[in-house]
Amino acid sequence: MTILENTKLVDNVYRMKLGGGHKPVTAPGQFVNIALPDKFLRRPISICDWDDETFTIVYKVVGEGTEMMSRMSVGTELDVLGPLGNGFDIEVQKMRHPLVVGGGVGVPPLYGLTKELLKKGCHPTVVIGFNTASEVILFDELQALGVDVFVSTMDGTGGVKGVVTDAMAKACVLYDYFYCCGPRPMIEALKQETMTEGQISMEERMGCGFGACVGCTIETKNGFRRVCADGPVFLKSEL
Amino acid sequence: MKVNLCGLELDNPVIPASGTFGFGVEHSQFYDINCLGSLSFKGTTREARYGNPTPRIAECGGYGMINAVGLQNPGIDAVCEKQMKVLSHFYKKPVIANISGFSIDEYRECCAKIDRQEQVGIIEVNISCPNVHNGGMAFGTDPKAAAEVTKAVKEVTTKPVVMKLSPNVTDIVSIAKACEEAGADGLCLINTVLGMRIDIRRRKPVIANRYGGYSGAGIFPLALRMVNQVANACHVPVIGCGGVSRAEDVIEMMMAGATAVEIGAANLVNPMVCKEIIDRLPSLMKELGIEHLKDIIGIVNK
């Protein structure tokens, strides 16, 4: 696929738009696995937004691979495998007011999710958490979809001081289902503090990204599950 | 492209290596896997195993990766009842059953069970997994122990037995010879090379289990040398494995003495790689003036 856009959103976080010859995205929360020059393993990155011809990823520079991606210019060809994984299931019985919670670079797949939830006629509320105000991403984009977006920052420089559950409490958000993507401590807190069933996108170091190497397996109540092929999204009740 | 491996006629010498191809289901999304010479399925033990804690995968630059999966598998009974049935749906030719264990008894029991599976053409006995303690590699680093496992499994099966050897030894030839003398019908080498990566920012090993098996193109020259040494010293067929990622590597492995070739880590980054190699082989053979692949086996030793 061809890079159509590669712009910096905030420090160390970039938005890349890719076009040309990809299989259709079947659910929000799926990811792509990108081959990079002089790297052996592909880099798995979740899909933020898509249409028939393109999709957009938002990624953080966390090592040599993503650093290399951040320097790639428009027009560069990339070997992209995917979309992979099962993504979020939005066909949930009796769901009217889903809560969508994200942290850091866990927020991007929730943008596509929120869009799809709105298309289905649901009324989602979005809560996103970051370390500090300068790291906040996709706030305007989410708000532009016409949903309520609450922000928390650890240092209080933006939104509610604290973590996402603090923002949830402050805003008195009512919900009948939840979706989540973020760091492990956030997932643990949500598992504890949510009263409803929900879906959680998990992250693990991956080998292949399509289920063959079983490198990213987690233990769930339903046995060993591969984050890449059986996930990345799992039910709260099975984790 | 046909080769004869331990009495089994293969359409071509290309075999996905155990642990990089599951039971064939995942790669079947990408192509019809019936083009493969055979396939070696995920290493199976007596009991179901989760394996090692994550992270258990590490990047190693352009040349390879480390894995410390540690033999995650559903256990021999589930494999016989479930995975083999699913596999037979996607793949119609004889397969190679990869068996591992933590004791001689476990190897024997698993091999006896897999022996009853009609689709199993060869049993590949893994005595070289670097990611488990008190098992796997422990049997593959000592000639006496390797011979004991070989003898034990030969007693319980009439199918050809191929011993999968570890490169993490001082003298792989002595292990290979011990297996051959104990009745092995073939040898497969090499398994992964014990390696390590450190996250210099966190000042900690990348792999939760600290060490893991290094594989990928980077180990090809090492694997090739060992295949050549073993093929020179032993009479039974050798399956060459380690870093093979192109049709050229297949030819090179066979010239070094391999009768068939296993492809491992490459399957994980390019799911189409085995098919691409099989498709490329005829034209490459033509370029190199090779009429039959079997004619080049060990040609550098002649």
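A short tour of the structure in this document, coming up. (Residues numbered from 1 in each chain as written. Chains lettered and ligands numbered in written order. Predicted model: local features only at pLDDT ≥ 70, side-chain atom pairs only at ≥ 80, totals over all residues. Heavy atoms only, no water.)

**Quick look at the interface of chain B and chain A**
Reasoning step 1: On the chain A side, the residues contacting the 33 residues of chain B number 23 residues.
Reasoning step 2: With both sides pooled, the region where chain B packs onto chain A buries about 2,300 Å², and carbon together with sulfur makes up 64% of that total.
Reasoning step 3: Counting every contact that joins chain B to chain A gives two salt bridges.
Reasoning step 4: Salt-bridge contacts for Glu59 of chain B lead to Arg43 of chain A; the nearest nitrogen and oxygen are separated by 2.7 Å.
Reasoning step 5: Between chain B and chain A we count 13 residue pairs in polar contact (both at pLDDT 80 or more) in total.
Reasoning step 6: Every element with two or more residues in the side of chain B that touches chain A is listed here: strand S4 (57-60), strand S5 (64-67) and helix H8 (266-269) of chain B.
Reasoning step 7: Taken together, the residues of the side of chain B that touches chain A sort by class into 16 nonpolar, twelve polar and five charged. (Contact = heavy atoms within 4.5 Å. Buried area = accessible area lost by both parts, 1.4 Å probe. Salt bridge = Lys/Arg side-chain N within 4 Å of Asp/Glu carboxyl O. Polar contact = N/O pair within 3.5 Å; in protein donor to acceptor, adjacent residues only side chain to side chain. Helix = DSSP H or I, 4+ residues; strand = E, 2+ residues; numbered from the N terminus. Nonpolar A, V, L, I, M, F, W, Y, C, P; charged D, E, K, R; others polar.)

**Side note on the pairing of strand S6 (residues 79-84) of chain A**
Residues and elements named next belong to chain A.
Reasoning step 1: Taken across its six residues, S6 has five buried, putting it largely inside the fold.
Reasoning step 2: Where strand S3 (residues 31-35) meets S6, four bridges bridge the pair, whose relative direction is antiparallel. Considered in S6, the bridge of Asn33 is made with Leu81. (Buried < 20%, exposed > 50% of the residue type's maximum accessible area, 1.4 Å probe, protein only. Pairing = 2+ DSSP bridges.)

**Looking at the packing of helix H4 (residues 143-156) of chain B against helix H5 (residues 172-181) of chain B**
Residues and elements named next belong to chain B.
Reasoning step 1: Where H4 contacts H5, the axes come no closer than 8 Å and their chain directions differ by 30 degrees. What the angle tells us is that H4 and H5 run roughly parallel. Between H4 and H5 lies a crossing whose hand is right-handed. Residues Pro143, Ala146, Ala147 and Thr150 of H4 lie in contact with H5, whose contacting residues are Ser174, Ile175, Ala178 and Cys179. (Axes fitted to C-alpha atoms, helices over the stretch in contact; angles between N-to-C directions. Parallel < 35°, antiparallel > 145°, perpendicular 65-115°, else oblique. Left-handed = near helix turned anticlockwise from the far one by under 90°.)

**Here we look at the packing of H5 of chain B against helix H6 (residues 220-233) of chain B**
Residues and elements named next belong to chain B.
Reasoning step 1: The interhelical angle for the contact between H5 and H6, taken along N-to-C directions, is 40 degrees, at an axis separation of 9 Å. The angle between H5 and H6 falls in the class oblique. Considering only the axes of H5 and H6, their crossing is right-handed. Contact with H5, carried on its side by Ile172, Val173, Ala176, Lys177 and Glu180, involves Met226, Gln229, Val230 and Ala233 of H6 and no other residues of that element.
Reasoning step 2: Residue composition of the contact of H5 with H6, by class: six nonpolar, one polar and two charged.

**Some thoughts on a nonpolar patch on the surface**
Residues and elements named next belong to chain B.
Reasoning step 1: On the surface, Leu194, Met196, Ile198, Ile200 and Tyr211 cluster together into a nonpolar patch covering about 480 Å² of accessible area.
Reasoning step 2: Here Tyr211 shows up in the loop between strand S12 (204-205) and strand S13 (212-215).
Reasoning step 3: By relative accessible area, Tyr211 is classed as partly exposed at 41%. (Patch = residues over 30% accessible without salt bridge, like charges linked within 9 Å, V, L, I, M, F, W, Y side chains within 5 Å. Areas by Shrake-Rupley, 256 points an atom, 1.4 Å probe, with all protein chains shown as cover.)

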